[in-house]
Amino acid sequence: MKNQVQSENNLRESLLFSEFEMSDIDYDITFNIVDIDFWFETVTVAITDNGKITQDTYELMKDKDGRYYFEFGRFYEKKVYIDDFYKIED
C-alpha cells in the first residue's frame, strides 16, 4: 500500500501542469492538468476551447489495461487518457 501511494504521488507530481491537445472537427482543444487526486479519483483540468478558458473536474477512471482516463464532450463520448499528457518545456 505504501509503495502504491508513493508511486501515485510521484505520478501526480510529474503530471501537474502537463498538457494534451485534441483536435475536434473545426478547432483544437487544449487540456492542462491543474490537480489530480488518485484517492478521490478526480482530475481537475484547465480547458482552452476555441479561445475560451474554463476549469472543470472530472471523474478519473481506469480501463481494463489499468490506464487512467476521463471522459469529455457534450455526451462524455471522448476518452482523454492521462498518459497522453506531456510536460511543456521552456
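As the structure is a prediction and not an experimental result, all values here were calculated from the model.

*Asks:* Help me understand the sheet that holds strand β2 (residues 28–37), please; the structure alone is not making it clear to me.
*Replies:* Strand pairing in a sheet is mediated by backbone hydrogen bonds. Such pairs are either parallel or antiparallel. In space, the 4 strands of this open sheet follow the order β1-β2-β3-β4, with antiparallel pairing throughout. Lying at the two open borders of the sheet, with one neighbouring strand each, are β1 (19–23) and β4 (52–59). Strand-to-strand twist of the sheet, defined as the mean angle between neighbouring strand axes without regard to direction, takes the value 25°. Of the strand pairs in this sheet, β1 and β2 are connected by 5 bridges, and their pairing is antiparallel. When the bridges of β2 are listed, Met-22 appears paired with Ile-29.

*Asks:* What should I look at first to understand the sheet that holds strand β5 (residues 61–62) in this one?
*Replies:* Within the open sheet, the 3 strands sit side by side as β5-β6-β7. Their pairing is antiparallel. The open sheet is flanked by β5 and β7 (78–81), the only strands paired with a single partner. Where strand β6 (residues 68–72) lies against β7, 4 bridges are found, and the strand directions are antiparallel. Residue pairing in the sheet places Phe-70 in a bridge with Val-80 of β7.

*Asks:* Sorry, what's going on with unusual backbone geometry here?
*Replies:* Most peptide bonds take the trans form, and the phi angle of most residues other than glycine is negative. Non-glycine residue Glu-41 carries a positive phi angle of around 55°. Mapped onto the elements of the fold, Glu-41 is located in the loop between β2 and β3 (42–49). What makes Glu-41 partly exposed here is its relative accessible area of 46%. Residue Asn-50 is not a glycine yet carries a positive backbone phi of 60°. Along the chain, Asn-50 falls in the loop between β3 and β4.

*Asks:* How do you make sense of the environment of Glu-77 when you look at a structure like this?
*Replies:* Mapping Glu-77 onto the fold places it in the loop between β6 and β7. Relative accessible area serves as the criterion here: at 45%, Glu-77 is assigned to the partly exposed category. From its side chain, Glu-77 meets the backbone nitrogen of Phe-75 in a polar contact 3.0 Å long.

*Asks:* Where do I start with the layout of surface pockets in this structure?
*Replies:* A probe as big as a water molecule, rolled over the atoms, marks out the empty space that is left. For the largest pocket, the calculated volume is near 190 Å³. Surrounding the largest pocket, Asp-24, Tyr-27, Ile-29, Ile-47, Asp-49, Lys-52, Thr-54, Phe-72, Gly-73, Arg-74, Glu-77 and Lys-78 form its lining. For the lining of the largest pocket, the secondary-structure elements that each account for two or more residues are β3 and β4. Of the residues in the lining of the largest pocket, the class split is 4 nonpolar, 2 polar and 6 charged.

*Asks:* Would you explain the packing of aromatic side chains in this entry?
*Replies:* A ring pair, where both rings are aromatic, is described by two values, the distance of the centres and the angle of the planes. Using the criterion set out here, one finds 8 aromatic pairs in the structure. Aromatic side chains Tyr-69 and Tyr-81 sit 5.4 Å apart centroid to centroid with 45° between the ring planes, which places their arrangement in the tilted category. Placement of Tyr-69 in strand β6 and of Tyr-81 in strand β7 is noted, with a sequence separation of 12 residues between them. With respect to class, Tyr-69 is no different from Tyr-81; both count as buried. One aromatic cluster is present, built from ring pairs that chain together Phe-20, Phe-31, Tyr-58, Phe-70, Phe-72 and Phe-85. The positively charged end of Arg-67 is found above the aromatic ring belonging to Tyr-81, 3.9 Å away from the centroid.

What counts, and where the lines are drawn
Residues numbered from 1 in each chain as written. Predicted model: local features only at pLDDT ≥ 70, side-chain atom pairs only at ≥ 80, totals over all residues. Heavy atoms only, no water. Pairing = 2+ DSSP bridges. Helix = DSSP H or I, 4+ residues; strand = E, 2+ residues; numbered from the N terminus. Axes fitted to C-alpha atoms, helices over the stretch in contact; angles between N-to-C directions. Buried < 20%, exposed > 50% of the residue type's maximum accessible area, 1.4 Å probe, protein only. Polar contact = N/O pair within 3.5 Å; in protein donor to acceptor, adjacent residues only side chain to side chain. 1 Å grid on protein atoms, 1.4 Å probe; cavity = no way out; pocket = protein on both sides within 12 Å on 5 of 7 lines; lining within 4 Å. Points joined across faces, edges and corners; volume = space filled by probe spheres on them. Nonpolar A, V, L, I, M, F, W, Y, C, P; charged D, E, K, R; others polar. Phe/Tyr/Trp six-rings, centres within 6.5 Å; stacked < 30°, edge-to-face > 60°. Lys NZ or Arg CZ within 6 Å of the ring centre and 35° of its normal.

Everything listed here is a matter of coordinates, which is why it stays silent on function.
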